[in-house]
Amino acid sequence: MLLITDISLPGGNGCELAIALREQKPDLRVLFVSGHVGAEICRYYSLDIFDEHFLPKPFVGTDLISRVKQVLGSPDRFPTKLYTGEERRKRLRR
């Protein structure tokens, strides 16, 4: 199962959505997309903007298809950890 979500969503964000859904579906793979995310949101969620699980907008259909295949074929469902709670606060203080 694959979740493709924008990082910026009305009333929330894709990172929080992924965290909540992964609690219910631990094997969920995630592909984040965004056209205006700054480095701070990526650091906040321990997401490297050059990670295979992030696709910057704008992109063409072939880029999306290629990235979906890459994510689905990856040995790790999501190699970068989405930090929550106290772990996130510790990382932000660095």
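Look up a bit, the structure's there.
Now for a quick tour of the structure. (Residues numbered from 1 in each chain as written. Predicted model: local features only at pLDDT ≥ 70, side-chain atom pairs only at ≥ 80, totals over all residues. Heavy atoms only, no water.)

## Description of the sheet that holds strand β4 (residues 29-34)
- Here we have three strands laid out as an open sheet, ordered β1-β4-β5, and parallel in their pairing. Looking at the sheet topology across the chains shown, the edges are occupied by β1 (2-6) and β5 (54-56). Put simply, the sheet's adjacent strands are angled 20 degrees from each other on average, direction ignored.
- The sheet contact formed by β1 and β4 spans five bridges and is parallel. The partner of Leu-3 across the bridge, within β4, is Val-30.
- Each of β1 and β4 touches helix α1 (residues 14-24); the most contacted strand, β1, lies at about 160 degrees to it.
- The strands that helix α3 (residues 61-73) touches are β1, β4 and β5; relative to β4, the one it contacts most, it runs at about 150 degrees. (Pairing = 2+ DSSP bridges. Helix = DSSP H or I, 4+ residues; strand = E, 2+ residues; numbered from the N terminus. Axes fitted to C-alpha atoms, helices over the stretch in contact; angles between N-to-C directions. Contact = heavy atoms within 4.5 Å.)

## Quick notes on the environment of His-53
- Looking at the secondary structure, you find His-53 in the loop between α2 (39-44) and β5.
- Assessed through its relative accessible area of 0%, His-53 is described here as buried.
- C-alpha separation for the pair His-53 and Ile-4, spaced 49 residues apart in sequence, amounts to 9.4 Å. (Buried < 20%, exposed > 50% of the residue type's maximum accessible area, 1.4 Å probe, protein only.)

## Quick look at the nonpolar core
- Residues Leu-3, Ile-7, Cys-15, Ala-18, Leu-28, Val-30, Phe-32 and Phe-54 constitute the largest nonpolar core, which totals eight residues.
- Sorting the residues of this core by element identifies α1 and β4 as the ones contributing at least two each.
- Excluding anything up to four places from it in sequence, Leu-3 contacts Leu-17, Ala-18, Leu-21, Leu-28, Arg-29, Val-30 and Leu-31.
- By size, the runner-up hydrophobic cluster in this structure holds five residues, among which are Leu-31, Val-33, Leu-55 and Val-71. (Core = buried A, V, L, I, M, F, W, Y, C linked by side-chain atoms within 4.5 Å.)

## As for unusual backbone geometry
- A cis amide bond links Lys-57 with the next residue in sequence, Pro-58, at an omega value of -5 degrees.
- Secondary-structure assignment places Pro-58 in the loop between β5 and α3.

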